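Structural characterization, general
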Amino acid sequence: EGMEIDQAAAPDNSNGFPKIRLKSLPPKKVSLEIQGESDNPGSSQVHVVKEEAQLAAQGDAGFTPAQFQECLKLIFMLKKNKVAEAFVNPVTADTFGDPALWGKYQQIVTKPMDLTTIHNKLKSKEINAPKDLWEDVTQIFENCYRFNYAVDPVFVSAKELQRVFMKRWGGFERKFALEPQAASILEDIFSSAEVFLRSLVDHESYASLKTEVAAMDGIGFDFGPIARKLKTREYKEPTQVRDDLRFQFQALLREVEGNDLLHSKVEDFQKVFHGLWEEGEFEKKFSRCVLKSESPKKIHREARKSSERVAKAYPSQGDVKAEHAPSPPKEKPSAPTGGLTLKIKFGAPKQ
């Protein structure tokens, strides 16, 4: 096709320009004029370069061939990562083994996603732009943060995989001169969490419940410690704010069990808490943060400390305490009371 276009534009043979000379034109010139693919390897390369430059300028208009191959490699790399085991395949009822827990997961996670599904969507061209890939991968992290507690191992694995993805994605955007996706800033999320908590404290139900629970001489109901830890940034991620509030509501519901009126009030206020938290989209924002790398030892230490704080603050939650309580220190074996000792064997003086 390319030759026909150029021949139509070139002078005829009577003027001394035979058709054969068109083939000697530089590949770059020919490839810039043709509209389809060329049989000339050199011109194909130039055509691809021009195509990529045009699409990069258009932002998320679609994948170039090189971008597509890079994204395939990125997903393959994520699937092979040692912390990605829980995110490779779709979550099913068999994943939990508990119908009630599976039903709860389906209520909380309305847009399930996994790396194998993303891989298949890439190959079938259902994902056809970098922005689509970004949205699907970060959806995996968001789902994990929405359903799990910050102390859960799968939550920690999701954060580590998010660090890997964000670092690789930044290199991908720089390589192809793409406009960066709208990544969230962690400090901005914490500031939004402070606004959320103030709204919760200012709600009329909070003061009323706090007074009634205080009169019971029970576990208490106080968001003050959570507000202080949020202000001093003792929390490492905003979902820890949510988890501490969850524990307070769960513990209080157990405390007032049998008091139908008060139990109903707590449930109503808990719905307010969930509604305000959903409006803030904190898990979605956190799943799009560029997180700093942490050593495995530090990750394990922070998870253990968080578990110990939960067990200490909410002792009525026996299941949480049993799961995360630190193991008792191992006792050193006592020395034998009779027979020959090592000291005697090696010539030490008898006592």
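Relevant structure appears above.
Quick summary incoming for the structure in this document. (Residues numbered from 1 in each chain as written. Predicted model: local features only at pLDDT ≥ 70, side-chain atom pairs only at ≥ 80, totals over all residues. Heavy atoms only, no water.)

In terms of regular secondary structure, the protein is built from 18 helices and zero strands. Residues classed as buried in the protein amount to 37% of the 351 residues present. Taking the contacts inside the protein whose residues are at least 6 apart along the sequence as the reference set, 72% of them involve residues at least 24 apart. Carbon together with sulfur atoms contributes 54% to the accessible area of the protein, which is approximately 21400 Å² in total. (Helix = DSSP H or I, 4+ residues; strand = E, 2+ residues; numbered from the N terminus. Buried < 20%, exposed > 50% of the residue type's maximum accessible area, 1.4 Å probe, protein only. Contact = heavy atoms within 4.5 Å. Areas by Shrake-Rupley, 256 points an atom, 1.4 Å probe, with all protein chains shown as cover.)

Moving on to the packing of helix 13 (residues 239-255) against helix 14 (residues 260-280). Put simply, helix 13 and helix 14 touch, their axes get as near as 10 Å, and they point 170° apart. By the angle between their axes, helix 13 is roughly antiparallel relative to helix 14. Touching T239, R242, L245, R246, F249, L252 and L253 of helix 13 are H263, V266, E267, F269, Q270, F273 and W277, all from helix 14. For the contact of helix 13 with helix 14, the residue count by class is eight nonpolar, three polar and three charged. (Axes fitted to C-alpha atoms, helices over the stretch in contact; angles between N-to-C directions. Parallel < 35°, antiparallel > 145°, perpendicular 65-115°, else oblique. Nonpolar A, V, L, I, M, F, W, Y, C, P; charged D, E, K, R; others polar.)

Now for the nonpolar core. By size, the foremost hydrophobic cluster in this structure holds 62 residues, and its most contacted members are L122, L133, F165, F221, F223 and L245. The contact partners of F165, leaving out residues within four places of it in the chain, are L74, L78, W134, V137, T138 and F141. (Core = buried A, V, L, I, M, F, W, Y, C linked by side-chain atoms within 4.5 Å.)

This brings us to the packing of aromatic side chains. Taken as a whole and assessed by the stated rule, the structure comprises 29 aromatic pairs. Between W134 and F165, the aromatic rings sit 6.2 Å apart at their centres with planes inclined by 40°, giving tilted as the arrangement. Pair noted here: W134 is in helix 8 (residues 130-147) and F165 is in helix 9 (residues 153-175), with a separation of 31 residues, a long-range link. Residue W134 is classed as buried on the basis of its relative accessible area of 4%. With a relative accessible area of 0%, F165 lands in the buried category. Here a set of aromatic residues connected by ring pairs shows up, and it is made of F196, Y206, F221, F223, F249, F269, F273, W277 and F282. The ring of Y149 carries R246 above its face, with NZ or CZ at 5.1 Å from the centroid. (Phe/Tyr/Trp six-rings, centres within 6.5 Å; stacked < 30°, edge-to-face > 60°. Lys NZ or Arg CZ within 6 Å of the ring centre and 35° of its normal.)

If the charged atoms of two oppositely charged side chains come close together, the side chains can form a pair. Inspection of every chain in the model, using the stated rule, returns 17 salt bridges. Notably, a salt bridge pairs D222 with K210, separated by 3.5 Å at the nearest N-O pair. Highlighted residues: D222 in the loop between helix 11 (204-214) and helix 12 (224-231) and K210 in helix 11, separated in sequence by 12 residues. Taken together, the shared-partner salt bridges in this structure form one network comprising K131, E135, E142 and R288. (Salt bridge = Lys/Arg side-chain N within 4 Å of Asp/Glu carboxyl O.)

Tracing the sequence through the fold places T138 in helix 8. If we skip the residues at most four places from it in the chain, T138 touches F165, M166, S287 and R288.

The volume enclosed by the largest pocket comes to roughly 520 Å³. What lines the largest pocket is a set of 19 residues, among which K104, I108, R146, F147 and R246 lie closest to the centre. Those elements giving two or more residues to the lining of the largest pocket turn out to be helix 6 (99-108), helix 8, helix 13 and helix 14. Take the lining of the largest pocket: its biggest share by element is five residues, from helix 14. Among the residues forming the lining of the largest pocket, the class breakdown is seven nonpolar, five polar and seven charged. (1 Å grid on protein atoms, 1.4 Å probe; cavity = no way out; pocket = protein on both sides within 12 Å on 5 of 7 lines; lining within 4 Å. Points joined across faces, edges and corners; volume = space filled by probe spheres on them.)

It is worth spelling out helix 11 at this point. Turning to helix 11, its buried residues number three or more, namely Y206, L209 and V213. What you see down the axis of helix 11 is that its buried residues fit within an arc of 75°, all on one side. Residues of helix 11 that are exposed and point over 90 degrees away from its buried face: E204 and T211. (Arc of directions from axis to C-beta.)

This part covers the environment of I127. Note on placement: I127 falls in the loop between helix 7 (115-123) and helix 8. Setting aside residues up to four positions removed in sequence, I127 forms contacts with F63, I118, K121, L122, D132, L133 and D136.

Taking 1.5 Å per residue, 21 residues should reach 30 Å; helix 14 reaches 31 Å between its end C-alpha atoms and fits that length. Among all positions of helix 14, only L262, V266, F269, Q270, F273, W277 and G280 are buried. Mapping the buried residues of helix 14 onto a view down its axis gives an arc of 110°, with all of them on the same face. Facing away from the buried side of helix 14 by over 90 degrees, the exposed positions are D260, L261, K271 and E279. Taken together, the buried residues of helix 14 touch helix 10 (186-202), helix 11, helix 13 and helix 15 (282-286). E281, located one to two residues past helix 14, shows a positive phi value of around 50°. (Expected span 1.5 Å × (residues − 1).)

What follows is about the packing of helix 11 against helix 14. The interhelical angle for the contact between helix 11 and helix 14, taken along N-to-C directions, is 145°, at an axis separation of 11 Å. For the pair helix 11 and helix 14, the sense of crossing is left-handed. Counted together, S205, Y206, L209 and E212 of helix 11 and L262, K265, V266 and F269 of helix 14 form the full contact between these two elements. Broken down by class, the residue content of the contact of helix 11 with helix 14 amounts to five nonpolar, one polar and two charged. (Left-handed = near helix turned anticlockwise from the far one by under 90°.)

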